[in-house]
Structure formats: structure tokens, C-alpha cells
Amino acid sequence: MDLDFKIILDWWPLILDGFKLTLVIVFGAILLGIPLGGLLAFGRQSRFKIISISATAFIELFRNTPFMIQVFLLFYVLPFYGIRIPANIVGIIGLALFGSVYYAEIIRAGIDAIPRGQLESARSTGMSYWQSMTNIVLPQTMRIILPPIGNQTLSLVKESSILSTITVQELTMSALIVQGQTFRPFEVFIVITLLYWGVNELIATCLRIYERRLKRRSTLVLAGTSSNQRLS
Amino acid sequence: MKFNFSYTIDALPRLLEGALITIEIAAIGFILSLTIGTLITVFRTVIQSRLLNAILAVYISFIRGTPLLIQIFLVYYALPAIDFLPGPGELRIDMGPVTAGIVAITLNSVAFVTEILRGGLAAIHKGQYEAASALGLRNYPLWRKVILPQLFMKTIPPLVSEFTQVLKATPLLAMITVVELMRVSQQIFSANYHPVEVLLGAFVIYFLICFVVSRSSILLEQRFAVRRF
């Protein structure tokens, strides 16, 4: 085995640029994806049939198809209708759309997990639907949905590598470029792998700490109440 | 340009051929990972080794923390680059694209299957082991007749969803020149310059496959539900 990790140093600027772009894309996709997921989750439960059916159809379509073909379609459909936007933006939009349907399902499951009585008693004290949602239901939902939201975010980091197929020059793409220039696939891919792994482990650890904190705080609050209806 | 549906129709026979290969690869990969995953689960429970559990934990964290596309590249591009034999001789693991693809998907899916089975195993009551040993069942009969049937029944929904994950992972193999549904559609639209129509056909096929598979979970559960008389 003759490994030469010097090439990584030589090509580091390119790899670093790709790494930064990956982080930017994932961040953008999260910022777009979670609100969109919330909209879809509420849309699915809407009283209006058209909204609920189209939200459900959108969620099912995106959940049951590979991300790669979604990205390809998006990449080729937009110019088809004369809309020309850079591949990076297409990548962010694609990743956000992909993430949003999973976020939607997580948020919906979180809202469903809160006993219906919570909403009903909030409504009976005179709060409007939105007041009781934002003040009573959603704060309780947060604790339940945080772990799956975190997992989904990790999967967005991973799926972003697929954007290399539509010429977005993120981490995977820069690895392919360096590999093509140096003919040293092993060193390059190992380093890239460690970068992805590092980012994901970092996010996972942060989430774990935050979750523990949230749990401790809520058990303190709950310990004060003598009710036997403790949550979770 | 106008959307012309006839391009989708023309592409359909070849797309369906590609879909068949997609299903084959996914099925082989999933069956392999289910087998290996089951063996690992049984083995780790029987020997209860801390070291093995630690190694598995790192492996699972690695697989879950890195993109599948990179794992495929590692198997297909990076692995042949290392010579495992010290000295003058050469020992390289160099696989064709299909084999490398199936190996990469299996290595990936094994991690998830093992996690699913671990969760399922934790849900099996201790009394089951005790009752089995009271009947004199040990080792092979214990697992074959008592534990594994319950384990698989409990884990049908997550296992089916893992199979859809494998199906959705197959288009990545187009990147290493495996001619499956994604690659076929790329070949067709690079010849006729109508990507939207062709990709839409592939999109619908993928959707139908995954939708049917994910809905089959309920049927499977009913089929294998324990019947108590």
C-alpha cells in the first residue's frame, strides 16, 4: 500500500470550497424545508379537500421516489419552461423540497401525539385555533419532534452529495475532480468520507446535548405538577 | 418546446427493462443484507462481546454518517486502489460495476437492518427465552422456532421501509455505470434530447414500485400475524 496524503494538502482549497458549499446548501435547504414541511403538515389536515388532497399527493410523490430523479427532473424541467437558474440554487430548492415532505410527516406525527384534550381545553378557555396551536400544542410538540427532525437533517447532509450529479460543485463533486486530476481515489474519498462523518457526528452530538437539556427542564416543570397525566 | 407525451410512450419498453434490473439489484441487495443482518444479530446476542458491539457501533455510525454515494465510490473506485499484499505481489479487490454496486448497497443496508433487528429483539419479552429453555430448546431451535419468527413479525414495517430505502438508493448506481432505470433514462434522453418526458416516465415507474412496496407492509403484517385459536 503506497498512500500519499500530500495531494490532499495540494488540493485542499478546492476541497474546502466544496465543503463550504455543501454546508451552505444544507443550511439553505433546512431554512426552506422546515417551514414548507410545516405548511404541508397543516395543509394535509386542512378542512378544504383540494388543499388536503394536493398536500397528501405531494408528500406521497416525493416520499416514494429517489432523490436523484427528483433533482434531475427539477434540473431539466425549469429550463424546459424557460426558467434559467444556477445549478446551486436548483440544488437548494431540490433538497428543500425533498426534506420538506419528511419534515411534514414528522411535524404531523408530533401534533397527533399531543392528546386532543389539550387543544380542546385550550379552545374552551377562549383561545382561537391558532392561539391554542402556538401556545399549547406546538411547544409540547417540539420535544417530540426534535430527535426525528435532527435525523432528517443528517440525511439532508448525506443526500446533498447527490447534487454532484447535476454539476453542483459541492464536496462530492470536488472529490471527483481531485480524483480525476490525481488518480488517487483512495486518499481523496477517505478524506471526504471523514469530513461528512465529522459534520454528521457534530450535529448528532449537539442534538443529543440539547435533547437532554430539554428533557431535564421539562421533567423539572412536570415534577411541580402532581397530575398523573405526565407526558411521555 | 412543448411537452410531447409520445416520447414517454416510446421510451416505456426500455424504461421497464431498466426497472426490472433496478428491482433485481434491490432485491439481491436486500436479501443479502437481511441474511447477514440476522446472522450478526444472533451472533452478537449469543456471544455478548463488548468488543464486537463496539465495532458494530462504529460501523453503524460510519454507515449512517456518510452518504451512500460516497460509500459506493469507496467500493468501486477507492478499494481497487489499495494493494492488500505487502511486498512485490499484488492483491486487489477489483469488482465490476454491478457487483460493486450490490456490495456497496448491501454493506450500507446491513447497518440499518442490524439496527432494526436490535430494536425488535429488545422488544421480545424475556419470558420467551425462559419458556423456551424450560421446554429444553437451546441454540438453533430456540432461534429458529421461537425468537426469529417473533422478531421478523415485529419488524415487518421497518424492514419494508428499509427495502424501499434500498430501492430508492439504486439510481445512485447509475453513477458507476450500472445500467438500471436511471441510467437507461439518461441514455434515452441524451439520444433524443427530451429529458423531461423521459425522466417523468422513470419518475412514475419509481413511484409505482416504491408505493406498492411500502403499502405491502400492511398485507404482510396481516399474512404473518400470529393466529391464536
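Residues numbered from 1 in each chain as written. Chains lettered and ligands numbered in written order. Predicted model: local features only at pLDDT ≥ 70, side-chain atom pairs only at ≥ 80, totals over all residues.

Undergrad: Break down the overall build of chain B for me, citing the residues and quoting the values.
TA: Broken down by element type, chain B carries nine helices and zero strands. The helix and strand sequence of chain B, counted from the amino end, reads α-α-α-α-α-α-α-α-α. For chain B, the C-alpha atoms occupy an extent of roughly 75 × 65 × 25 Å along the three principal directions. When burial is assessed residue by residue, chain B has 38% of its 229 residues classed as buried. (Helix = DSSP H or I, 4+ residues; strand = E, 2+ residues; numbered from the N terminus. Buried ≥ 20, exposed ≤ 12 C-beta atoms within 10 Å, placed from the backbone.)

Undergrad: Would you mind going over the overall build of chain A in detail, with residue names and values included?
TA: Looking only at helices and strands, one finds nine helices and zero strands in chain A. Mapped from its N terminus to its C terminus, chain A presents α and β elements in the order α-α-α-α-α-α-α-α-α. Projecting the C-alpha coordinates of chain A onto the three principal axes gives extents of approximately 70 × 45 × 25 Å. In chain A, which comprises 232 residues, the share counted as buried stands at 34%.

Undergrad: If you had to explain the environment of Phe-5 of chain A to someone new, which residues and values would you point to?
TA: Looking at where Phe-5 of chain A falls in the secondary structure, it is placed in the segment before helix H1 (6-10). Along the primary structure Phe-5 of chain A and Glu-105 of chain A are separated by 100 residues, whereas in three dimensions their C-alpha atoms are 43 Å apart.

Undergrad: Which residues make up the packing of helix H6 (residues 116-124) of chain A against helix H7 (residues 129-159) of chain A, and what values do they have?
TA: Residues and elements named next belong to chain A. One can describe the packing of H6 onto H7 by two numbers: an axis separation of 10 Å at closest approach and a directional angle of 155°. Relative to H7, the element H6 is oriented roughly antiparallel. Our pair here, H6 against H7, has a crossing hand that is right-handed. Facing Gln-118, Leu-119, Ala-122 and Arg-123 of H6, the residues of H7 in contact are Ser-132, Ile-136, Val-137 and Gln-140. Of the residues belonging to the contact of H6 with H7, the class tally is four nonpolar, three polar and one charged. (Axes fitted to C-alpha atoms, helices over the stretch in contact; angles between N-to-C directions. Parallel < 35°, antiparallel > 145°, perpendicular 65-115°, else oblique. Left-handed = near helix turned anticlockwise from the far one by under 90°. Contact = placed C-beta atoms within 7 Å. Nonpolar A, V, L, I, M, F, W, Y, C, P; charged D, E, K, R; others polar.)

Undergrad: A description of the interface of chain B and chain A should follow, citing residues and the corresponding values.
TA: Tallying the contact residues gives 30 residues for chain B and 28 residues for chain A. When contributions to the side of chain B that touches chain A are tallied by element, the ones reaching two or more residues are helix H2 (50-65), helix H3 (68-78) and helix H9 (195-223) of chain B. Ranked by residues supplied to the side of chain B that touches chain A, first place goes to H9 of chain B with eleven residues. A per-class count over the side of chain B that touches chain A returns 25 nonpolar, three polar and two charged.

Undergrad: Tell me what's going on with the nonpolar core, and back it up with residues and numbers.
TA: Core analysis: the largest hydrophobic core is formed by 88 residues, its most contacted members being Ile-72, Leu-172 and Ala-202 of chain B. The dominant element in this core, judged by the number of residues it contributes, is helix H4 (residues 97-122) of chain B, at ten residues. Grouped together as the second largest cluster of nonpolar side chains are 13 residues, Leu-40, Ala-55, Tyr-103 and Ile-111 of chain A included. (Core = buried A, V, L, I, M, F, W, Y, C linked by C-beta atoms within 7 Å.)

Undergrad: Could you give me a rundown of unusual backbone geometry, with the residues and numbers involved?
TA: Residue Thr-167 of chain A is not a glycine yet carries a positive backbone phi of 65°. If you check the backbone angles, Tyr-193 of chain B has positive phi at about 55° while not being a glycine. The topology assignment puts Tyr-193 of chain B in the loop between helix H8 (181-192) and H9. Using a count of 9 C-beta atoms within 10 Å as the deciding quantity, one classes Tyr-193 of chain B as exposed.

Undergrad: An account of H3 of chain B is requested, with residue identities and associated values reported.
TA: Think of an α-helix as turning once every 3.6 residues; residues three or four places apart then point the same way. Within H3 of chain B, ten of the eleven residues are buried, which leaves it mostly tucked inside the rest of the structure. Within H3 of chain B the residues assigned to the buried category are Leu-68, Leu-69, Ile-70, Gln-71, Ile-72, Phe-73, Leu-74, Val-75, Tyr-76 and Ala-78 of chain B.

Undergrad: Requested: an account of the confidence of the model for chain A, with residues and values cited.
TA: Residues and elements named next belong to chain A. Mean pLDDT over chain A works out to 87, with 93% of the residues at or above the 70 mark. For chain A, helix H9 (residues 185-224) is the element with the lowest average pLDDT, namely 82, and helix H2 (residues 12-44) is the one with the highest, namely 93. The model gives residues 224-232 a pLDDT under 50, and that stretch makes two contacts with residues more than four places away or in other chains. (pLDDT = per-residue confidence, 0-100.)

Undergrad: How would you sum up the confidence of the model for chain B? Please name residues and give values.
TA: All names here are of chain B. Of the residues in chain B, 98% reach a pLDDT of 70 or more, and the chain-wide mean stands at 89. At the level of individual helices and strands, chain B shows its lowest average pLDDT in helix H5 (residues 126-134), which scores 86, and its highest in H4, which scores 94. Here the predicted complex scores 0.88 on pTM and 0.87 on ipTM.

Undergrad: So, the packing of H2 of chain A against helix H3 (residues 49-63) of chain A: which residues are in play, and what are the values?
TA: Packed helices, taken two at a time, are described by their axes: the angle between them and the distance between them. Residues and elements named next belong to chain A. Two numbers describe how H2 lies on H3: the axes approach to 7 Å, and their chain directions differ by 130°. Considering the angle they form, H2 stands oblique to H3. Along this stretch, H2 crosses H3, giving a crossing that reads as left-handed. For the pair H2 and H3, contact is made by Leu-40, Gly-43 and Arg-44 and by Ile-51, Ser-52, Ala-55, Thr-56, Phe-58 and Ile-59, respectively.

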